[in-house]
Amino acid sequence: MTTATPAPGPKDRGLYVIAAFKLTGMLLLSTVGLGAMHLVDADAVATVSGWIDAVGADVKGDFVREVLAKVAGIPRQRFEEVGFGAFAYAAILLVQGIGLLRQQRWAEWLTVVVTSSFVPLECWELAKGFTLPKVALLVVNLTIVWYLVRHLRARQAAR
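The residue numbers shown here count from 1 along each chain, following its written sequence. pLDDT decides what is reported in this predicted model: residues at 70 or higher carry local features, side-chain atom pairs at 80 or more are listed and counted, and totals for whole chains, interfaces and linings draw on all residues regardless. Hydrogens and water molecules were not included; the side-chain quantities draw on all heavy atoms of the structure.

So, unusual backbone geometry
Okay, so step 1: Notably, Gln-103 is not glycine yet its phi reads approximately 55°, a positive angle.
Okay, so step 2: With respect to the helices and strands, the residue Gln-103 is situated in the loop between helix 4 (76-101) and helix 5 (105-117). Strands here mean DSSP runs of E at least two residues long; helices mean DSSP runs of H or I at least four residues long; both are numbered from the N terminus.

Let's talk about the packing of aromatic side chains
Okay, so step 1: Any two rings among Phe, Tyr and Trp, with Trp reduced to its six-membered ring, count as a pair given centres within 6.5 Å; such a pair is stacked if its planes are under 30 degrees apart, edge-to-face if over 60, and tilted if neither. As enumerated under the stated definition, the model contains 1 aromatic pair in all.
Okay, so step 2: A ring pair is formed by Tyr-89 and Phe-118, whose centres lie 5.2 Å apart and whose planes are at 65°; its orientation type is edge-to-face. With Tyr-89 in helix 4 and Phe-118 in the loop between helix 5 and helix 6 (119-128), this pair connects stretches of sequence that are 29 residues apart.
Okay, so step 3: A 1.4 Å probe rolled over the protein chains alone gives each residue an accessible area, and that area as a share of the maximum for its type sets the label: buried under 20%, exposed over 50%, partly exposed in between. On the basis of relative accessible area, Tyr-89 is assigned to the partly exposed category, the value being 24%.

What to know about the nonpolar core
Okay, so step 1: Remark: nonpolar core denotes a set of buried residues (Ala, Val, Leu, Ile, Met, Phe, Trp, Tyr, Cys) joined through side-chain atoms within 4.5 Å. Core analysis: the largest hydrophobic core is formed by 11 residues, namely Leu-15, Ile-18, Ala-19, Leu-100, Ala-107, Val-112, Ile-144, Val-145, Tyr-147, Leu-148 and Leu-152.
Okay, so step 2: Counting residues per element, the ones that place at least two in this core are helix 1 (13-40), helix 5 and helix 7 (132-158).
Okay, so step 3: The element best represented in this core is helix 7, accounting for 5 residues.

Section: helix 1
Okay, so step 1: A rise of 1.5 Å per residue sets the reference length of helix 1, with its 28 residues, at 40 Å; its end C-alpha atoms lie 41 Å apart and thus fit the reference within 8%.
Okay, so step 2: Residues adjacent in sequence count toward polar contacts only when both atoms are side-chain atoms; beyond that, a polar contact is any pair of N or O atoms within 3.5 Å, and within protein one must be able to donate a hydrogen and the other to accept it. The distance from a side-chain oxygen at the start of helix 1 to the backbone nitrogen of Gly-14 is 3.0 Å, and the residue carrying that oxygen is Asp-12. One less than the number of residues in a helix, times 1.5 Å, gives the span that helix is expected to have.

What to know about the layout of surface pockets
Okay, so step 1: Points on a 1 Å grid, built from protein atoms alone, make a cavity when a 1.4 Å probe fits but cannot get out and make a pocket when they are open with protein on both sides within 12 Å along at least 5 of 7 lines; residues with an atom within 4 Å of a point are the lining residues. Grid points are joined across faces, edges and corners, and a volume is the space filled by probe spheres set on the points. Estimates place the volume of the second largest pocket at around 220 Å³.
Okay, so step 2: Contributing to the lining of the second largest pocket are Phe-21, Lys-22, Gly-25, Tyr-89, Leu-93, Thr-115, Phe-118, Glu-122, Leu-137 and Asn-141.
Okay, so step 3: Of all elements in the fold, only helix 1, helix 4 and helix 7 reach the threshold of two or more residues within the lining of the second largest pocket.
Okay, so step 4: Here the lining of the second largest pocket gets 3 residues from one element, more than from any other, and that element is helix 1.
Okay, so step 5: Its residues assigned to classes, the lining of the second largest pocket comprises 5 nonpolar, 3 polar and 2 charged. Each residue receives one of three labels: charged for Asp, Glu, Lys and Arg, nonpolar for Ala, Val, Leu, Ile, Met, Phe, Trp, Tyr, Cys and Pro, and polar for the others, Gly being one of them.

Remarks on the packing of helix 1 against helix 7
Okay, so step 1: Only the stretch in contact is used when a helix axis is fitted, and all axes are lines through C-alpha atoms; the angle between N-to-C directions ranges over 0 to 180 degrees. Contact geometry of helix 1 with helix 7 gives a least axis separation of 11 Å together with a crossing angle of 140°. Here helix 7 runs oblique to helix 1, going by the angle between their axes. Crossing handedness for the pair helix 1 and helix 7: left-handed. Between helix 1 and helix 7, the residues in contact are Gly-14, Leu-15, Ile-18, Phe-21 and Lys-22 and Val-140, Asn-141, Ile-144, Tyr-147, Leu-148 and His-151, respectively.
Okay, so step 2: For the contact of helix 1 with helix 7, the per-class residue count stands at 7 nonpolar, 3 polar and 1 charged. Angle categories are assigned with fixed cut-offs, so that under 35 degrees is roughly parallel, over 145 is roughly antiparallel, 65 to 115 is roughly perpendicular, and the rest are oblique. Handedness of a helix crossing follows the sense of rotation of the near helix relative to the far helix, less than a right angle counterclockwise being left-handed and clockwise being right-handed. We call two residues in contact whenever any of their non-hydrogen atoms come within 4.5 Å of each other.

Points about helix 4
Okay, so step 1: With 26 residues, helix 4 extends 37 Å from end C-alpha to end C-alpha; this agrees with the ideal 38 Å at 1.5 Å per step.
Okay, so step 2: Once helix 4 ends, the next one or two residues include Gln-103, with phi positive near 55°.

As for the pattern of salt bridges
Okay, so step 1: Salt bridge, as used here, is a side-chain nitrogen of Lys or Arg placed within 4 Å of a carboxyl oxygen of Asp or Glu. All told, the structure shown has 3 salt bridges when counted by the stated rule.
Okay, so step 2: A salt bridge links Arg-155 to Glu-108; its shortest N-O distance comes to 3.1 Å. Taken together, the residues Arg-155 in helix 7 and Glu-108 in helix 5 connect sequence positions 47 residues apart.
Okay, so step 3: When its relative accessible area of 0% is taken as the criterion, Glu-108 is described as buried.
Okay, so step 4: One continuous salt-bridge network, built from bridges that share partners, spans Glu-125, Lys-128 and Lys-134.

All quantities given are derived from atomic positions and should not be read as evidence of function.
Put into structure tokens, the structure is as follows:
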């Protein structure tokens, strides 16, 4: 026996939670974009070393040395590409987040399409190496898609 999903009300908390998640992602990606663009015109290793010192990380640790070695091997053009990519995706997340806050049907569909488009990539990443953050991200994204599809169907049934 299945229970009918109630028609979406004027204040759908699920949409607000998803919107907050998308807007948080937008802020994080904007920060990544700004950081990457800052590294385009700077000495990347010196800049990242300064960031590590500011955080108070152990500069002599293996992890920090690996990060600095990877940063040193990245061409400036790659920082530019990462920055532009981060800003582009941040813009998509901003549109999704604002649309969901306003409970716009187009934003729900956009979020379903964009979020579900990442599921195959997340599965591929899991196949390459299993980590808890990868699993968590996949579960969160599948939950978002499931919730929004259910929400859209309930709205359609209410018509």
